[in-house]
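Single-letter residue listing:
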Amino acid sequence: MGFRCGIVGLPNVGKSTLFNALTETQAAQAANYPFCTIEPNVGRVAVPDPRVGAIAAIAKSANVIETQLEFVDIAGLVRGASKGEGLGNQFLANIREVDAIVHVLRCFEDDDVQHVENRVDPIADAETVETELLLADLESLERRVSGYAKRATGGDKEARIAASVLGQALELLREGSPARLTVPKDPEERKAFEQAQLLTAKPVLYVCNVDEGSAAEGNAFSARVFDKAQAEGAEAVVISAAIEAEIASMAAEERADFLADLGLVETGLARVIRAGYALLHLITFFTAGPKETRAWTVEKGSKAPRAAGEIHTDFERGFIRAETIAYEDYVACGGEAGAKDAGKMRAEGKEYVVQDGDVMLFRFNV
């Protein structure tokens, strides 16, 4: 399934430059003025995972298919967006459609790049965006919770559940806290909470866009962002959009040396993906054979039938068992046949919880 991340932030913090670099395209027009991105640009990139190539080599697969990550470059936000200022209404509509928010923050000084509020303060920038999302959620919930409460008094069970869990979220918002801190007490409340599609319920990854000299260790600006992320239970990464743009234009064989010269061991894309996976609690499993080796993404804690459903709904509907080999065993035993001979292939049933790196063959009947 991969996941869909909306790149947000104030104008001129490096969103479009980062988007272009991550997707290795020039789909988004990067320019030094607000609102250069009007319609959200969408780019899909392969999630780099060396395990895919290792499995494919052993399986002698004709094709290798990596799982996909989708980035959506969303128009810059300004104060008053929750009331429709700037491109506010469009911004809010676009952000409802993503799984996670990648919040780009300017963590560099540059007199040649205009800041919409004429200062460099990533924490203040973050709070500007957060406030607009919070205000939009607040306005939405104040209307809905009162309606649910009225229906609940008439004996409507679904309305009672929604009034309870969304009432908790409303209190958090009134205190200035994001709705994601709400803790539904059972699956029914969780369903009602998720259906509300609150903007501040979405997980956040802060991307500290630093100057090239700070790409390896970060700087004083990014240190403040990491402290904020830790306090919120969010994720943060340091990245230099300028460096990523250079990497995107290079031949693949040149990139490792370029990164090493800068004191880096991986690209910003890899760091963003790893942090995003952690944020959304995602894991990867694999299928392998002569035709293809393919990586698949599911939520951590997913059971075998759910993973089978990622491949085809018939696999989930008619699930019988999953013949499963841990990645380390697959490599150590030289593939499926060796793992089977060594007793490392397991027949797992419907209650099996898929583990990161599992190589799986699903048996089904419909």
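This text follows the structure it describes.
Here's what I pulled together on the structure shown here. Within each chain, residue numbers correspond to sequence positions counted from 1 in written order. It should be noted that, the model being predicted, local features are given only for residues of pLDDT at least 70 and side-chain atom pairs only at 80 or more, the latter also being counted only at that level, while totals for whole chains, interfaces and linings use all residues. In computing side-chain values, all of the structure's heavy atoms are included and hydrogens and water are not.

**Considering the overall build of the protein**
Link 1 in the chain: Note on conventions: DSSP H or I runs of at least 4 residues are helices, E runs of at least 2 residues are strands, and numbering of each starts at the N terminus. Helix and strand counts for the protein stand at 14 helices and 12 strands.
Link 2 in the chain: For the protein, buried positions account for 51% of its 366 residues.
Link 3 in the chain: Only heavy atoms enter the contact rule, under which two residues are in contact if any of them lie within 4.5 Å. The contacts in the protein between residues at least 6 apart in sequence include a share of 68% that link residues at least 24 apart.
Link 4 in the chain: Here the protein has roughly 17300 Å² of accessible surface; of this, 49% comes from carbon and sulfur atoms. Categorising residues by exposure relies on relative accessible area from a 1.4 Å probe, with only protein chains included: less than 20% of the type maximum marks a residue as buried, more than 50% marks it as exposed, and the intermediate range marks it as partly exposed. With residues, only the protein chains shown are counted as cover, and all accessible areas are computed by Shrake-Rupley using a 1.4 Å probe.

**Some points on the packing of aromatic side chains**
Link 1 in the chain: Each aromatic pair joins two rings of Phe, Tyr and Trp (for Trp, the six-membered one) with centres within 6.5 Å, and gets the label stacked for planes under 30 degrees apart, edge-to-face for over 60, and tilted for any other angle. With the rule as written, the count across this model stands at 4 aromatic pairs.
Link 2 in the chain: A connected cluster of aromatic rings, assembled from ring pairs, spans F285, W296, F319 and F362.
Link 3 in the chain: The positively charged end of R294 is found above the aromatic ring belonging to W296, 4.3 Å away from the centroid. Here, a charge over a ring means that NZ of Lys or CZ of Arg falls within 6 Å of the ring centre while also lying within 35 degrees of the ring normal.

**Concerning the packing of helix α5 (residues 157–174) against helix α6 (residues 187–195)**
Link 1 in the chain: All axes here are fitted lines through C-alpha atoms, helices being fitted over the stretch that makes contact, and every angle between N-to-C directions spans 0 to 180 degrees. Contact geometry of α5 with α6 gives a least axis separation of 9 Å together with a crossing angle of 70°. Classed by the angle they form, the pair α5 and α6 counts as roughly perpendicular. Contacts between α5 and α6 involve K157, I161, A162, S164, V165, L166, Q168 and A169 from the former and E188, E189, A192 and F193 from the latter. Put simply, angles under 35 degrees are roughly parallel, angles over 145 are roughly antiparallel, angles from 65 to 115 are roughly perpendicular, and the rest are oblique.

**Considering the pattern of salt bridges**
Link 1 in the chain: We define a salt bridge as a contact between a side-chain nitrogen of Lys or Arg and a carboxyl oxygen of Asp or Glu at a distance within 4 Å. Tallied over the full model, the rule gives 21 salt bridges.
Link 2 in the chain: Across the pair R174 and E142 runs a salt bridge, and its minimum N-O distance is 3.8 Å. Placement of the pair is R174 in helix α5 and E142 in helix α4 (residues 122–153), with a sequence separation of 32 residues.
Link 3 in the chain: The closest approach of N and O atoms between R346 and E348, which form a salt bridge, is 2.7 Å.
Link 4 in the chain: Its relative accessible area of 18% is what places E348 among the buried residues.

**Digging into the sheet that holds strand β6 (residues 204–210)**
Link 1 in the chain: Any two strands with at least two DSSP-identified bridges between them are counted as paired. Within the open sheet, the 6 strands sit side by side as β2-β4-β1-β5-β6-β7. Their pairing is mixed. Lying at the two open borders of the sheet, with one neighbouring strand each, are β2 (41–46) and β7 (235–239). Looking at each pair of strands side by side, their axes are set apart by 25° on average, direction ignored.
Link 2 in the chain: The sheet contacts of helix α7 (residues 220–232) involve β5 (100–107), β6 and β7, and relative to β6 the element is tilted by about 175°.

**Some remarks on the environment of A342**
Link 1 in the chain: By secondary structure assignment, the location of A342 is in the loop between α14 (336–341) and β11 (346–348).
Link 2 in the chain: C-alpha of A342 to C-alpha of D329: the two residues are 13 residues apart in sequence and 9.2 Å apart in space.

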